[in-house]
Amino acid sequence: SQYSAVDTNPLSVYIMQPVWNKIIKIVPLWIAPNLLTFSGFVMILVNYFLISFYDWDYTASGTSPGLVPTWVWLFSAFTTFCAYALDSIDGKHARRTQSSTPLGELFDHGLDSWATSIFVLSFFSVCSRDNGKTGVSVYTMYIYLSIVLFNFMCSHWEKYNTGVLFLPWGYDISQVVLIAAYLLTGTVGVEVWQKPFLFGYYITDVLVILLIGFSLFLSFPQTLYNIHRAYLKKTLKNDSLYEGLLPLVSPLLLFILLTVWVVLSPGNILAKQPRLFLWMVGVAFSNVICKVIICQMSSTQPELFHWFLFPLALVVYAAISGLLGWMEEVVLAVFTVLVTAAHVHYGVCVGRQLSEHLNIYIFSLKKRVQE
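If you're wondering where the values come from, they're calculated on a predicted model, not measured in any experiment. (Residues numbered from 1 in each chain as written. Predicted model: local features only at pLDDT ≥ 70, side-chain atom pairs only at ≥ 80, totals over all residues. Heavy atoms only, no water.)

A. Examining the side chain of Asn34 more closely. Within the secondary structure layout, Asn34 lies in helix H2 (residues 33-54). Exposure remark for Asn34: the relative accessible area of 8% places this residue in the buried category. Contact partners of Asn34, with chain neighbours within four places excluded, come to Leu103, Gly104, Phe107, Ile362 and Phe363. (Helix = DSSP H or I, 4+ residues; strand = E, 2+ residues; numbered from the N terminus. Buried < 20%, exposed > 50% of the residue type's maximum accessible area, 1.4 Å probe, protein only. Contact = heavy atoms within 4.5 Å.)

B. Representation of the layout of surface pockets in the model. Its volume calculated, the second largest pocket comes out at about 440 Å³. Taken together, 19 residues make up the lining of the second largest pocket; nearest its centre are Phe107, Leu111, Val344, Gly347 and Val348. Elements with a minimum of two residues in the lining of the second largest pocket: H2, helix H4 (102-127), helix H10 (274-298) and helix H12 (328-357). When residues in the lining of the second largest pocket are grouped by element, the largest group, seven residues, is from H12. Residue composition of the lining of the second largest pocket, by class: 15 nonpolar, four polar and no charged. (1 Å grid on protein atoms, 1.4 Å probe; cavity = no way out; pocket = protein on both sides within 12 Å on 5 of 7 lines; lining within 4 Å. Points joined across faces, edges and corners; volume = space filled by probe spheres on them. Nonpolar A, V, L, I, M, F, W, Y, C, P; charged D, E, K, R; others polar.)

C. Fine view of H4. The end-to-end C-alpha separation of H4 is 38 Å, in line with the 38 Å expected for 26 residues at 1.5 Å each. Bending of H4 peaks at approximately 30° at the position of Ser113. Burial of H4 is extensive: 25 of the 26 residues sit out of reach of the surface. Backbone geometry just downstream of H4 places Ser128 in the positive-phi region, at approximately 60°. (Expected span 1.5 Å × (residues − 1). Bend = angle between axes of the 7 residues up to and from the residue.)

D. Local environment of the packing of H4 against helix H5 (residues 138-162). Packing of H4 against H5 leaves a shortest axis separation of 9 Å and a crossing angle of 165°. Classified by the angle their axes make, H4 and H5 are roughly antiparallel. With respect to the hand of their crossing, H4 and H5 are arranged in right-handed fashion. Counted together, Glu105, His109, Asp112, Ser113, Thr116, Ser117, Val120, Leu121, Phe123 and Phe124 of H4 and Met141, Tyr144, Leu145, Val148, Leu149, Phe152, His156 and Lys159 of H5 form the full contact between these two elements. Residue composition of the contact of H4 with H5, by class: ten nonpolar, five polar and three charged. (Axes fitted to C-alpha atoms, helices over the stretch in contact; angles between N-to-C directions. Parallel < 35°, antiparallel > 145°, perpendicular 65-115°, else oblique. Left-handed = near helix turned anticlockwise from the far one by under 90°.)

Below is the structure:
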């Protein structure tokens, strides 16, 4: 299927696009677009692990002065901008080098589905977790992450049904806000997040309210409207309501299982290991959404239950029934490692299959020699 995307965000159209059009001119023509996509993702990862090193349990910004060196925040602003730029020019570069492929599209959206959660998890270090005076509770973090992922899922569910990816307005805005937040923290210090900003509200409260407002009153209604419009125009990809709603089943079950674990965990697992738990949420979600993206690209039907749901259900049952006891954290750690390894393995396998099928290299513009 031919890739089509629509971007109507004024910030993107009038400000960012002209910037990307200038940047793209310096990219050498021999560089493969997937290399740009992947480099951006690696920068996000490096930044995440760097912040995790200084702030494993999300408390470093809760003290004044903060415990994270200033250069880390400035480096975060730099890597976030680079990743944002690379993610914005990879498609342009593919068209410029006439190397647009389904592999590139999958690579881009697949890594985006994972990067989305990593952006959010890095940002939580800025606002720190609740210490009674300032900060955000780990439950707010979980809800915040879930809403962001729900938004991401909506735009791909919409594409599954309409064949067109309407780029959510929230994307450009969130990237600019992230970069600004890192620069602010690097220049002023974490204290800026610890003082009330407006009417006794903290900046973090304002951001959470904005995010929820954006999602529930802008993104989601827009998704439903676009699907409804395709239905009226008779351009929907799926005939039945069942087929149309099918991709939502696994993500919703995933969310329900994870929420049951968070709420009913005897050892309060989210408060004990927020970083591990939220990372696992992001990876599991990314794998589920990658399947939807592949189904949407290949016009196939996703399976009703993603395989992750079965081991997860077992782990959640063992945890909330008290079977795991003090082992709950250990089991979470092992499960997180396995889920991450499975996701990486899945990505590598799909990439290799597609590159062989399309007879191209993933990271090079050279053509494969036919065997």
